[in-house]
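As a plain string of letters, each chain reads:
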Amino acid sequence: MLKNWSNTLLVAFSRTPKMLAELDHAFNSRLKSTFGSIHLKNGITTEQIIGEMLRINYFKCKICEMREAVEAALGSMDESSRGYLTDRVLKGRTFRELALSRGVSLRTAFRRFEAAELALTRALRRSGYTEERMRREFGEIPQLAAVAERLEDGNYFTVRAE
């Protein structure tokens, strides 16, 4: 898998419901702490807790923006390329499964997946999401930064033996 922000967004896209649920939980736990002034007993000012809640909502907005950008990019791609990405990243299929389901060799499945990654990068770029913009706008979001770090390590996607 290419080590770029296009793929970071694609992987994050597959985890959007979980990321939003985690942020909702974080927001709600802070909201609950304001009842009865629990946050004050823990040494956290009202301004700090409100700041945290605003930051959490900002992250949620950025994750929704990311989701819309990836949906639009995937929607603009040809069906075959979109299928390789969604089957591999969103559905977790192995390259062997991709090859078998499409009647192609394993090497061809790898090449078509790589071509689909490039098509996604181009589709995002056409809509204004350059690598720099994606890094700047989404790199500060802890959940997306964690995905980017895992992709940088090179261990996110490996070929599973069957």
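Engineer: Can you tell me about the pattern of salt bridges, naming the residues and giving the values?
Structural biologist: Across all of its chains, the model carries 10 salt bridges by this definition. Here Arg93 and Asp87 are joined by a salt bridge, their closest N and O atoms 3.2 Å apart. For Arg93, a relative accessible area of 31% gives the class partly exposed. Because the salt bridges share partners, they merge into one network encompassing Lys62, Glu65, Arg133 and Glu137.

Engineer: Hey, could you go over helix H4 (residues 46-76) for me, with residue numbers and the actual values?
Structural biologist: Look at H4: 45 Å from first C-alpha to last across 31 residues, which is about the 45 Å you get at 1.5 Å a residue. Within the span of H4, buried status applies to Ile49, Met53, Ile56, Phe59, Lys62, Ile63, Met66, Ala69, Val70, Ala73 and Leu74.

Engineer: Could you give an account of the packing of aromatic side chains, naming the residues involved and the relevant values?
Structural biologist: Under the counting rule described, the total for this entry stands at 4 aromatic pairs. When the ring of Tyr129 is compared with that of Phe138, the centres are 6.2 Å apart and the planes differ by 25°; the resulting orientation is stacked. The buried category is assigned to Tyr129, whose relative accessible area is 9%. Of note, Arg133 hangs over the ring of Tyr129, and the distance from its end group to the ring centre comes to 4.0 Å.

Engineer: I'd like to hear about the environment of Met66, residue by residue, with values.
Structural biologist: Among the secondary structure elements, Met66 is positioned in helix H4. You can call Met66 buried: its relative accessible area is 0%. Distance in space between the C-alpha atoms of Met66 and Glu97 is 28 Å, their sequence separation being 31 residues. Each residue touching Met66, except ones within four places of it in the same chain, is listed here: Leu9, Ala12, Phe13, Thr16, Met19, Phe138 and Leu144.

Engineer: Could you give an account of the state of the cysteines, with specific residues and numbers?
Structural biologist: Going through the model one piece at a time under the given rule, you end up with 0 disulfides. Cysteine Cys61 is unpaired, with the sulfur of Cys64 as its nearest cysteine sulfur at 6.6 Å. The partly exposed category is assigned to Cys64, whose relative accessible area is 23%.

Engineer: Describe the packing of helix H5 (residues 79-90) against helix H7 (residues 106-126), listing the residues and the values that go with them.
Structural biologist: Packing of H5 against H7 leaves a shortest axis separation of 8 Å and a crossing angle of 105°. With respect to their mutual orientation, H5 and H7 come out roughly perpendicular. Contact residues: H5 offers Ser81, Tyr84, Leu85, Arg88 and Val89, while H7 offers Ala109, Arg112, Phe113, Ala116, Glu117 and Leu120.

Engineer: Provide a residue-level description of the side chain of Ser6, including the pertinent values.
Structural biologist: Along the chain, the position of Ser6 falls in helix H1 (residues 5-14). With relative accessibility at 0%, the residue Ser6 sits in the buried group. Among the polar contacts listed, one links the side chain of Ser6 to the side chain of Thr121, at a separation of 3.2 Å. Of note is the side chain of Ser6, whose polar atom sits 3.4 Å from the side chain of Glu131. For Ser6, the residues in contact, after removing those within four places along its chain, are Leu120, Thr121, Leu124, Glu131 and Met134.

Cut-off values and rules
Residues numbered from 1 in each chain as written. Predicted model: local features only at pLDDT ≥ 70, side-chain atom pairs only at ≥ 80, totals over all residues. Heavy atoms only, no water. Salt bridge = Lys/Arg side-chain N within 4 Å of Asp/Glu carboxyl O. Buried < 20%, exposed > 50% of the residue type's maximum accessible area, 1.4 Å probe, protein only. Helix = DSSP H or I, 4+ residues; strand = E, 2+ residues; numbered from the N terminus. Expected span 1.5 Å × (residues − 1). Phe/Tyr/Trp six-rings, centres within 6.5 Å; stacked < 30°, edge-to-face > 60°. Lys NZ or Arg CZ within 6 Å of the ring centre and 35° of its normal. Contact = heavy atoms within 4.5 Å. Disulfide = S-S within 2.5 Å. Axes fitted to C-alpha atoms, helices over the stretch in contact; angles between N-to-C directions. Parallel < 35°, antiparallel > 145°, perpendicular 65-115°, else oblique. Polar contact = N/O pair within 3.5 Å; in protein donor to acceptor, adjacent residues only side chain to side chain.

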